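The primary structure of each chain is shown beneath.
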Amino acid sequence: MRRAALLALTLSACAGSLPNDPREVADRTTLREAAGGRLRIGAAVDLSALTREARYASALADQFDSVTAENAMKWGPIQPEPQVWRFEPADALIAFARVHRMRVRGHALVWHNQLPRWVTEQMNRDELAAALEAHVTGAVAHFRGMVAAWDVVNEALSDSGDRLRPSLFEQRLGDGYIAQAFRAARAADPEALLFYNDFGAEGLGQKSDRVFALVKALRAAGVPVDGVGLQMHLDAARHPSVGDIRANIHRLGELGLVVEITEMDLRVRGIAGTRAERLEAQRVLYHDVAAACVEEPACKAITLWGFCDAHSWIHSYFGVDEPLPFDETYAPKPAFYGLREALWSQRRVFPRIGQQEPAVDLVVTAP
Ligand code: XIL
């Protein structure tokens with residue numbers, strides 16, 4: 001038997017024995033290894049922790065293949081004065097991502113929070129429209145080719161989803177500011193995927209119906225919206241059903257949109273019982289929500305809002321909790337294993353993924 005043929009046989013034997021059973025995932029398998037490139041697994045990054053804590057940086061690089069800035073790309077931090085840009089922190093994140101072969105998501109161009117004072121204070125309609133255009137253009141152009149996906153408009157609907165949020169932008173510019181932002185982003189980087197991002201629109205209901213209607217209308221009008229971000233800040237004690245989350249992802253996919261879970265964290269302090277019971281409920285929910293994404297072809301990425309409980313926005317906004325898959329010491333919690341199992345399970349849902357590399361070699365090495 002020729003050597004190449006022998007090699008081909010060996011490779012095909014390896015391909016056949018790749019574990020398809022999620023329980024066979026190895027102990028040290030990381031989240032990014034489990035995701036295997038079919039979907040991105042990301043985290044929002046606290047840039048001061050990244051520069052100060054070696055353990056933070058190494059866990060981030062080991063576990064994730066996508067990053068977003070938790071705050072550094074928002075309007076206030078990045079353009080604190082008119083045309084005075086503070087790109088350095090986000091540029092440092094992009095350099096880190098490049099070294100560790102990670103994708104970068106940009107968050108968020110137009111949002112009613114974390115705006116600089118010069119925007120919120122006394123601008124007339126024309127000045128605000130010009131400032132919005134210049135902000136979107138300046139930020140997207142700076143990161144052109146480096147940021148693969150942008151949250152262009154964040155939280156434009158009211159909390160309940162009964163109407164557009166009466167934000168500064170909506171009040172002064174009317175609902176046209178949304179289309180304006182997307183068009184400016186597309187012009188500044190035609191390659192970047194452009195997202196509408198919101199919270200409370202994960203399952204089925206008034207708010208997700210409204211998001212669906214909004215993006216459908218925008219696309220019908222030729223506005224360049226490529227995807228919807230579902231934030232997924234959930235309270236594990238009262239969350240939308242996973243079936244509804246999946247159905248919602250599915251219907252957005254049928255519109256031709258990409259869906260990403262963009263800010264996942266799962267609060268557990270409202271769950272009665274012992275800590276072990278809370279963490280077990282959290283494990284199951286991390287698994288099931290991630291599995292819904294894995295099983296829907298439109299769903300291309302899951303980004304966590306942070307990754308360890310020591311660095312989470314939740315404590316100051318909702319009370320002390322433990323919403324993420326790694327604890328304060330960076331040790332994996334049950335949630336880590338639930339999430340990893342769901343990411344790994346795509347090898348069962350899409351069996352060809354595990355076999356792709358050896359199969360390609362077979363073709364190349366045959367005599
Ligand atoms: C949060 C950050 O995590 C905090 O550090 C900051 O103080 C406020 O913003 N939805 C979003 C994110 O789209 O930008 C928010 O991030 C969390 C809610």
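See above for the structure.
Residues numbered from 1 in each chain as written. Predicted model: local features only at pLDDT ≥ 70, side-chain atom pairs only at ≥ 80, totals over all residues. Heavy atoms only, no water.

Which parts of the structure should I look at to understand the overall build of the chain?
Counting its secondary structure elements, the chain contains 17 helices and 9 strands. Relative to its 367 residues, the chain shows a buried fraction of 53%. Across the chain, contacts joining residues at least 24 apart in sequence account for 79% of those joining residues at least 6 apart. (Helix = DSSP H or I, 4+ residues; strand = E, 2+ residues; numbered from the N terminus. Buried < 20%, exposed > 50% of the residue type's maximum accessible area, 1.4 Å probe, protein only. Contact = heavy atoms within 4.5 Å.)

Hey, could you run me through the packing of aromatic side chains in this one?
By convention here, two paired aromatic rings are described through the distance between centres and the angle between planes. Across all of its chains, the model carries 15 aromatic pairs by this definition. Ring geometry for Phe 143 and Trp 150: centres 6.0 Å apart, planes at 55°, overall tilted. The exposure class assigned to Phe 143 is buried, which follows from its relative accessible area of 0%. A relative accessible area of 0% means that Trp 150 is categorised as buried. Measuring from centroid to centroid gives 5.0 Å for Phe 336 and Tyr 337, while their planes differ by 85°, and the two rings are edge-to-face. We classify Tyr 337 as partly exposed; its relative accessible area is 35%. Through a chain of ring-to-ring contacts, three or more aromatic side chains come together here, namely Tyr 56, Phe 64, Phe 307, Phe 326, Tyr 330, Phe 336 and Tyr 337. The cationic tip of Arg 105 hangs over the ring face of Phe 195; the distance from NZ or CZ to the ring centre is 4.7 Å. (Phe/Tyr/Trp six-rings, centres within 6.5 Å; stacked < 30°, edge-to-face > 60°. Lys NZ or Arg CZ within 6 Å of the ring centre and 35° of its normal.)

Quick question: what am I supposed to make of the nonpolar core here?
The tendency in soluble globular proteins is for nonpolar side chains to be buried side by side. Ranked by size, the top nonpolar core spans 109 residues in total, and within it Leu 60, Phe 64, Met 73, Trp 150, Val 153 and Phe 307 carry the most contacts. Top element by residues in this core is helix 10 (residues 176-188). It accounts for 8 residues. Once residues within four sequence positions are removed from consideration, Phe 307 is found in contact with Ala 43, Tyr 56, Ala 59, Leu 60, Phe 64, Leu 324, Pro 325, Phe 326 and Tyr 330. (Core = buried A, V, L, I, M, F, W, Y, C linked by side-chain atoms within 4.5 Å.)

When you look at the state of the cysteines in this model, what are you seeing that I'm missing?
Defined simply, a disulfide is a covalent bond joining two cysteines at their sulfur atoms. As enumerated under the stated definition, the model contains 1 disulfide in all. Each disulfide pairs two cysteine sulfurs, and for Cys 293 the partner residue is Cys 299, the sulfurs being separated by 2.1 Å. Taking the sign of the torsion about the S-S bond as the criterion, the disulfide between Cys 293 and Cys 299, at about -100°, is left-handed. (Disulfide = S-S within 2.5 Å.)

Sorry if this is basic, but what is going on with the side chain of Glu 263 here?
Mapping Glu 263 onto the fold places it in strand 8 (residues 258-267). For the buried Glu 263, no salt bridge is present, and the opposite-charge side chain at shortest range is Arg 105, 6.6 Å distant. A distance of 3.0 Å separates a polar atom in the side chain of Glu 263 from a polar atom in the side chain of Asn 197. Apart from the residues lying within four places of it in its own chain, the contact partners of Glu 263 are His 107, Asn 154, Asn 197, Leu 230, Gln 231, Met 232, His 233, Thr 303, Leu 304 and Trp 305. (Lys, Arg positive; Asp, Glu negative; His and termini not counted. Salt bridge = Lys/Arg side-chain N within 4 Å of Asp/Glu carboxyl O. Polar contact = N/O pair within 3.5 Å; in protein donor to acceptor, adjacent residues only side chain to side chain.)

Which parts of the structure should I look at to understand the site of the ligand?
Around the ligand, 14 residues are found, and the nearest of them are Glu 70, Lys 74, His 107, Glu 263 and Trp 305. Here Gln 114 contributes a side-chain N or O atom positioned 3.2 Å from an oxygen atom of the ligand. Between Gln 231 and the ligand, the recorded distance is 3.4 Å, taken from a side-chain N or O atom to a nitrogen atom. A total of 410 Å² of accessible area belongs to the ligand in isolation, and the protein chains cover 86% of it. Residue composition of the shell around the ligand, grouped by class: 4 nonpolar, 6 polar and 4 charged. (Near = heavy atom within 4 Å. Areas by Shrake-Rupley, 256 points an atom, 1.4 Å probe, with all protein chains shown as cover. Nonpolar A, V, L, I, M, F, W, Y, C, P; charged D, E, K, R; others polar.)

Please clarify how unusual backbone geometry should be interpreted in this entry.
Keep in mind that most residues, glycine aside, have a negative phi and that most peptide bonds are trans. Cis rather than trans, the peptide bond between His 107 and Ala 108 has omega equal to -5°. Residues other than glycine seldom take positive phi values, yet Tyr 330 does so here, at roughly 70°. With respect to the helices, strands and loops of the structure, Tyr 330 is situated in the loop between helix 14 (314-318) and helix 15 (334-344).

What should I look at first to understand the packing of helix 13 (residues 275-295) against helix 15 in this one?
Packed helices, taken two at a time, are described by the angle between their axes plus the distance between the axes. Between helix 13 and helix 15, whose axes approach to 7 Å, the crossing angle comes to 20°. Comparing their axes, helix 15 and helix 13 come out roughly parallel. For helix 13 against helix 15, the interelement crossing comes out right-handed. Each of Leu 279, Gln 282, Arg 283, Tyr 286, His 287, Ala 290, Ala 291 and Val 294 in helix 13 lies in contact with helix 15, whose residues at this interface are Pro 334, Ala 335, Gly 338, Leu 339, Glu 341, Ala 342 and Leu 343. (Axes fitted to C-alpha atoms, helices over the stretch in contact; angles between N-to-C directions. Parallel < 35°, antiparallel > 145°, perpendicular 65-115°, else oblique. Left-handed = near helix turned anticlockwise from the far one by under 90°.)

Would you explain helix 12 (residues 242-254) in this entry?
Working note: α-helix, 3.6 residues per turn, so residues spaced by three or four point in the same direction. Between its terminal C-alpha atoms helix 12 stretches 18 Å, which fits the 18 Å expected from 13 residues at 1.5 Å a residue. Looking only at helix 12, the buried set comprises Ile 245, Asn 248, Ile 249, Arg 251 and Leu 252. Taken around the axis of helix 12, the buried residues stretch over an arc of 165°, which confines them to a single face. Close packing links the buried residues of helix 12 with helix 11 (206-220), strand 6 (227-230), strand 7 (233-235), strand 8, helix 13 and strand 9 (299-304). At the C-terminal side of helix 12, Gly 256 shows a positive phi close to 90°. (Expected span 1.5 Å × (residues − 1). Arc of directions from axis to C-beta.)

Distances and angles like these do not, on their own, reveal function.
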